[in-house]
Amino acid sequence: MHSEVKRWELPPEELESQVNAILESGNALELGSLYDDSMKNFEVDTILTGRIINIIGEDVVVDVGYKSEGVVGLDEFDRRDEVAIGDEIEVLLEAAEDDSGLIVLSKRKAARIRGWEKVISTHKEGDVVRGIAIRKIKGGLLVDIGVPVFLPASQVGIRRTADVSEYIDKELECKIIKIDEVRRNIVVSRRLLLEEKRDKQKDALLTEIELNEVRKGLVKNIADFGAFVDLGGIDGLLHITDMSWGRIAHPTEVVKIDQEIEVKIISLDLENERIGLGLKQLMPSPWDGVEAQFPVGTRVMGIVVNLTSYGAFVRLTEGVEGLVHISEMSWTRRLNHPSEMLSIGEEVECIILSINKDKQEISLGIKQVADNPWDTVEGKYPPGTVIAGKGRILTNYGAFV
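The following refers to the structure shown. Keep in mind the model is a prediction, meaning the values are calculated, not measured.

Calculation criteria
Residues numbered from 1 in each chain as written. Predicted model: local features only at pLDDT ≥ 70, side-chain atom pairs only at ≥ 80, totals over all residues. Heavy atoms only, no water. Helix = DSSP H or I, 4+ residues; strand = E, 2+ residues; numbered from the N terminus. Buried < 20%, exposed > 50% of the residue type's maximum accessible area, 1.4 Å probe, protein only. Contact = heavy atoms within 4.5 Å. Areas by Shrake-Rupley, 256 points an atom, 1.4 Å probe, with all protein chains shown as cover. Pairing = 2+ DSSP bridges. Axes fitted to C-alpha atoms, helices over the stretch in contact; angles between N-to-C directions. Salt bridge = Lys/Arg side-chain N within 4 Å of Asp/Glu carboxyl O. Expected span 1.5 Å × (residues − 1). Polar contact = N/O pair within 3.5 Å; in protein donor to acceptor, adjacent residues only side chain to side chain. Phe/Tyr/Trp six-rings, centres within 6.5 Å; stacked < 30°, edge-to-face > 60°. Lys NZ or Arg CZ within 6 Å of the ring centre and 35° of its normal.

## With respect to the overall build of the chain
Argument step 1. A count of helical and extended segments in the chain gives seven helices and 22 strands.
Argument step 2. Considering the chain as a whole, with its 401 residues, one finds that 34% of them fall into the buried category.
Argument step 3. Across the chain, every contact between residues at least 6 apart in sequence was considered, and the portion connecting residues at least 24 apart equals 56%.
Argument step 4. Of the accessible surface of the chain, which amounts to about 25300 Å², a share of 49% is contributed by carbon and sulfur atoms.

## Here we look at the sheet that holds strand β11 (residues 214-223)
Argument step 1. Taken together, five strands build a closed barrel; the order of strands is β11-β12-β13-β15-β14 and the barrel is mixed. Averaged over all pairs of adjacent strands, the angle between their axes in this sheet comes to 50°, without regard to strand direction.
Argument step 2. With five bridges connecting them, β11 and strand β12 (residues 226-230) associate as antiparallel partners. Bridge pairing in β12 links Ala223 to Gly226.

## With respect to the sheet that holds strand β4 (residues 88-95)
Hydrogen bonds along the backbone pair up the strands of a sheet, which may run parallel or antiparallel.
Argument step 1. With mixed pairing, five strands are arranged side by side around a closed barrel as β1-β2-β3-β5-β4. Averaged over all adjacent pairs, the angle separating strand axes in this sheet is 50°, with direction ignored.
Argument step 2. Strand direction decides the pairing type here: strand β2 (residues 59-63) and strand β3 (residues 70-73), joined by four bridges, are antiparallel. Across the sheet, Val60 pairs through a bridge with Val72, a residue of β3.

## Focus: the pattern of salt bridges
Argument step 1. The tally for this structure, following the rule as stated, stands at 21 salt bridges.
Argument step 2. Between Lys197 and Glu173 there is a salt bridge whose closest N-O contact spans 2.8 Å. Highlighted residues: Lys197 in helix α5 (residues 191-208) and Glu173 in strand β9 (residues 171-180), separated in sequence by 24 residues.
Argument step 3. Among the charged side chains, a salt-bridge network with shared partners connects Arg130, Glu171, Glu173 and Lys197.

## A closer look at the environment of Lys107
Argument step 1. Within the secondary structure, Lys107 is located in helix α4 (residues 107-122).
Argument step 2. Since its relative accessible area comes to 19%, Lys107 is described here as buried.
Argument step 3. Separated by 60 residues in sequence, Lys107 and Ile47 have C-alpha atoms that sit 9.2 Å apart.
Argument step 4. Other than its neighbours up to four places away in sequence, Lys107 contacts Val72, Glu76, Phe77, Ile89, Glu90 and Val91.

## Brief notes about α5
Argument step 1. For α5, which comprises 18 residues, the first-to-last C-alpha distance of 26 Å matches the rise-based estimate of 26 Å (1.5 Å per residue) to within 8%.
Argument step 2. Of the positions making up α5, those classed as buried are Leu193, Arg198, Lys202, Leu205 and Leu206.

## Describing α4
Argument step 1. Between its first and last C-alpha, α4 extends 23 Å over 16 residues, near the 22 Å set by a 1.5 Å rise per residue.
Argument step 2. Among the residues of α4, Lys107, Ala110, Ile113, Gly115, Trp116 and Val119 are the ones counted as buried.
Argument step 3. Lining the buried residues of α4 we find β1 (47-56), β3, β4, β5 (103-106), β9 and β10 (185-189).
Argument step 4. The N-cap residue of α4 is Ser106: its side-chain oxygen and the backbone nitrogen of Lys109 are 3.1 Å apart.

## So, the pairing of strand β18 (residues 320-325)
Argument step 1. Relative to β18, strand β17 (residues 311-317) runs antiparallel, the two sharing six bridges. Paired with Val314 across the strands is Gly322, a residue of β18.
Argument step 2. Once β17 ends, the chain turns through two residues before running back antiparallel as β18, passing Gly319 with a positive phi of about 95°.
Argument step 3. Summarising the sheet, β18 and strand β20 (residues 361-365) pair through two bridges and their orientation is parallel. Looking at the pairing, Val324 lines up with Leu364 of β20.

## Here we look at unusual backbone geometry
Argument step 1. At Asn212, a residue that is not glycine, the phi angle is positive and equals roughly 75°.
Argument step 2. In this structure, Asn212 sits in the loop between α5 and β11.
Argument step 3. Residue Asp258 is not a glycine yet carries a positive backbone phi of 70°.
Argument step 4. Topologically, Asp258 is positioned in the loop between β13 (235-239) and β14 (260-269).

## As for the side chain of Lys202
Argument step 1. Turning to its location among the elements, Lys202 is positioned in helix α5.
Argument step 2. Among the residues examined, Lys202 registers a relative accessible area of 18% and is labelled buried.
Argument step 3. Setting aside residues no more than four positions away along its own chain, Lys202 makes contact with Gly232, Gly233, Ile234 and Glu273.

## Quick word on the side chain of Ser106
Argument step 1. In this structure, Ser106 sits in strand β5.
Argument step 2. When its relative accessible area of 4% is taken as the criterion, Ser106 is described as buried.
Argument step 3. Within the structure, Ser106 has its side chain in polar contact with the backbone nitrogen of Lys109 (distance 3.1 Å).
Argument step 4. Filtering out sequence-adjacent residues up to four positions away, Ser106 remains in contact with Glu76, Val91, Leu92 and Glu94.

## Considerations on the pairing of β5
Argument step 1. The pairing of β3 with β5 spans two bridges and is classified as parallel. Residue Val71 lies in a different strand from β5, and its bridge partner there is Val104.

## Examining the packing of aromatic side chains
Argument step 1. This structure, assessed with the given rule, holds two aromatic pairs.
Argument step 2. Between the aromatic rings of Phe225 and Phe228, the centroid separation amounts to 6.1 Å while the plane-to-plane angle is 90°, which identifies the pairing as edge-to-face.
Argument step 3. Here Lys170 stacks its cationic end above the ring of Tyr167, 5.8 Å away from the centre of that ring.
Argument step 4. The ring centre of Phe313 lies 5.7 Å from the NZ or CZ of Arg247, which sits over that ring.

If you want it as structure tokens, here you go:
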């Protein structure tokens, strides 16, 4: 330094004065042409603004003002066909130089950071956001709301979904339940939002619902004893016995999951929020006019639909069944079980013995189809007749033959 000053005969004080004058005049770029001061500020994981200077195959060459350029893959651009030389873009500096001497840049990561900053500045925990479910990951879904956020599988719906992948590419409305600024993580819940909406619907429903009215509902769950139908905020129970006037073995014979059906409100307990529903009540009861259709004493044909220890149930028409008690099956046979004489699905001829329309009960007899042998026993076996018979039961007081 001193040798140069001496050569030009410039005192050190004068040199310092000229340098200060240049800085104060705003002409520091003249010095920058000799030494790029911005190089001192290039730190890894910072976002830089660069200019596209070339496109070679799948590589976009970007100048960010560093001593070497960087390369960004075309696949990091949303619209590859709109990438042009001269465009300014934001990139993240991932490494100062790689093995080839180029700096390592990422447009996608820079966009993600900017998106995160925007989301953080405009949203807080409890806010409602919309986004597209982009892919399934371990434990749930990634939803794009400007940045990828995590939607746990347990928070996808009110009822746990068997396969959350069915929501991919669908727009979901969720509530932000956790923001971790340090790790740049956001957790959202669709379930909380659905439950809040459901509670509002339930409150409105309970204030307006009335007994015996007809409403539309969606079948949400099916059990052996019936189906739960969503009426819009609260589920009602459609019991299997209220699905059809006829006999059914399982509710799936009548309804299916996610099926929309019309039901009648047949019981209402607002205090305990219990609603009983009926499907068969929307149709005329086959028991209306049953006495005229099946007068006492007439012969009818029916199908055996069930056997119990005390008798057999016989279907006379859809929704109307009668009971043949085991004692009304045979004049002469002593049966231990109806299956000794009848089988399910068998067609039998019966006599209508009695009808109780209020209780929806019909008593049937099979033995009455034939003549009662006791009516002719005196003429067939007058006292003093000698006969041969087979011993059936021996007791301490005698024998039954």
